[in-house]
Amino acid sequence: MKKEEIFSSVVENAFDFFDKSLKEFDQKKYKYSIIHFCAAVELFLKARLLCEHWTLIVSRREDLNLDKFIAGKSQSATLDEIKKRLESVLKDGLSVQASSAFDNLTVHRNQVIHFCHPDLFKTNIPKIVGEQCLAWHYLQELLTVQWRQNFKKYAVQIRHIDSRVKKNREFLKEKFKLVKSQIDKDIAKGIYY
C-alpha cells in the first residue's frame, strides 16, 4: 500500500466519522455523536502526520511494523502524542486555542465512553455543541489554510462538512432564543453575562 493510499484511507475515514456524528446529532443520539466527532478530528490530525511518515501515528508503546500497521493491528498515538509530534517533528503544530478546543472534545468523549451518566446530556448539550463548532472552526482552518497543500483535493468535502456543522450552530441560536428572556431578566438585576 502506497503512502498516498494510506493517507486517503485515513482522510475518507475521518469524513465518514464526521458524517456519522452529524447524522447522530440530528437523531439526538448525542453520546455517539460526541464519540464520532472526536474520532474524526483525531483522524485528520493523524492524516497530517501521515504526510510525513506512517510511524508518526503509531503509539510509542508499539513496535514499529509496517505489515502490522497496514493490517490495522497497531495501536495509534493518543491526542497528546499527535499534538507533540505535529509540533516537534513536523514543526507544524496547533495553536493554543485549537489544542484546547480539541482537548475539550476528548474530555467529553472520555466522559461518555468511560463515565457516562444520564445527566450529562440534559444540561451539557448546548455547551458540547458549542465546543464542537469551535473545534471544527480550528480544524477547518488547519485543513484549508495551514495544511492546505495536504488537503486541497478534499476542498469540496470540507465545505460540505462546514455547511453541516453550521446547521448545528442553528441549534445554539434556538437554545439562545429559549434562554434569552431569562438572560434579559438577569441583566436587569445587574447580573453580568
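Heads up: the structure comes first, above all this text.
To start, this report covers the structure provided alongside it.

Calculation rules
Residues numbered from 1 in each chain as written. Predicted model: local features only at pLDDT ≥ 70, side-chain atom pairs only at ≥ 80, totals over all residues. Heavy atoms only, no water. Helix = DSSP H or I, 4+ residues; strand = E, 2+ residues; numbered from the N terminus. Buried < 20%, exposed > 50% of the residue type's maximum accessible area, 1.4 Å probe, protein only. Areas by Shrake-Rupley, 256 points an atom, 1.4 Å probe, with all protein chains shown as cover. Axes fitted to C-alpha atoms, helices over the stretch in contact; angles between N-to-C directions. Parallel < 35°, antiparallel > 145°, perpendicular 65-115°, else oblique. Left-handed = near helix turned anticlockwise from the far one by under 90°. Contact = heavy atoms within 4.5 Å. Nonpolar A, V, L, I, M, F, W, Y, C, P; charged D, E, K, R; others polar. Core = buried A, V, L, I, M, F, W, Y, C linked by side-chain atoms within 4.5 Å. Patch = residues over 30% accessible without salt bridge, like charges linked within 9 Å, V, L, I, M, F, W, Y side chains within 5 Å. Salt bridge = Lys/Arg side-chain N within 4 Å of Asp/Glu carboxyl O. Polar contact = N/O pair within 3.5 Å; in protein donor to acceptor, adjacent residues only side chain to side chain. Phe/Tyr/Trp six-rings, centres within 6.5 Å; stacked < 30°, edge-to-face > 60°.

### With respect to the overall build of the chain
If you tally the helices and strands in the chain, you get eight helices and zero strands. In the chain, buried positions account for 42% of the 193 residues. For the chain, the exposed surface amounts to about 11,300 Å²; the carbon and sulfur share of it is 54%.

### Here's the deal with the packing of helix H2 (residues 30-50) against helix H5 (residues 96-114)
Here H2 crosses H5 at 135 degrees, and the two axes come no closer than 9 Å. Relative to H5, the element H2 lies oblique. Regarding H2 and H5, the two cross each other, and that crossing is left-handed. Only Phe 102, Leu 105, Thr 106, His 108, Arg 109, Val 112 and Ile 113 of H5 make contact with H2, whose side of the interface consists of Lys 31, Ile 34, Ile 35, Phe 37, Cys 38, Val 41, Glu 42 and Leu 45. Residues belonging to the contact of H2 with H5 are distributed by class as follows: 10 nonpolar, two polar and three charged.

### Concerning the nonpolar core
Core analysis: the largest hydrophobic core is formed by 50 residues, its most contacted members being Phe 18, Phe 44, Leu 45, Phe 102, Leu 139 and Phe 151. Where this core is concerned, the elements lending two or more residues are helix H1 (3-26), H2, helix H4 (79-88), H5, helix H6 (119-146) and helix H8 (155-188). Residue contributions to this core peak at 11 residues, all from H2. In this view, Phe 151 contacts Phe 7, Val 11, Phe 44, Ala 47, Arg 48, Leu 143 and Ile 158; residues no more than four positions away in its chain are not counted.

### As for a nonpolar patch on the surface
Together, Met 1, Leu 66 and Ile 70 make up an exposed nonpolar region whose accessible area comes to about 290 Å². Along the chain, the position of Leu 66 falls in helix H3 (residues 66-70). Among the residues examined, Leu 66 registers a relative accessible area of 38% and is labelled partly exposed.

### Overview of the environment of Gln 146
Relative to the elements of secondary structure, Gln 146 occurs in helix H6. Relative accessible area serves as the criterion here: at 39%, Gln 146 is assigned to the partly exposed category. C-alpha of Gln 146 to C-alpha of Asp 92: the two residues are 54 residues apart in sequence and 8.2 Å apart in space. At 2.9 Å, the side chain of Gln 146 forms a polar contact with the backbone oxygen of Gly 93.

### Some words on the packing of aromatic side chains
Considering all chains together, one arrives at 11 aromatic pairs under this definition. Judged by centre distance (5.1 Å) and plane angle (85 degrees), the ring pair of Phe 15 and Phe 44 falls under edge-to-face. Placement of the pair is Phe 15 in helix H1 and Phe 44 in helix H2, with a sequence separation of 29 residues. When sorted by exposure, Phe 15 lands in the same class as Phe 44, which is buried. Site record: aromatic cluster; members linked through ring pairs are Phe 7, Phe 15, Phe 18, Phe 37, Phe 44, Trp 136, Trp 147, Phe 151 and Tyr 154.

### Here we look at the pattern of salt bridges
Counted by the stated rule, this structure contains eight salt bridges. When the shortest N-O distance is used, the salt bridge between Lys 83 and Asp 103 registers 2.7 Å. Highlighted residues: Lys 83 in helix H4 and Asp 103 in helix H5, separated in sequence by 20 residues.

### Brief notes about the side chain of Glu 24
Relative to the helices and strands, Glu 24 is located in helix H1. According to the relative accessible area criterion, Glu 24 is buried, its value standing at 5%. The contacts of Glu 24, once residues within four sequence positions are left out, are Lys 29, Tyr 32, Ser 33 and His 36.

### Considerations on the environment of Val 165
Assignment of secondary structure puts Val 165 in helix H8. Of the residues examined, Val 165 reaches a relative accessible area of 2% and is grouped as buried. Val 165 sits 32 residues away from Cys 133 along the chain, and the two C-alpha atoms are 6.6 Å apart. Sequence-distant contacts of Val 165, defined by excluding residues within four places in its chain, comprise Leu 22, Cys 133 and Trp 136.

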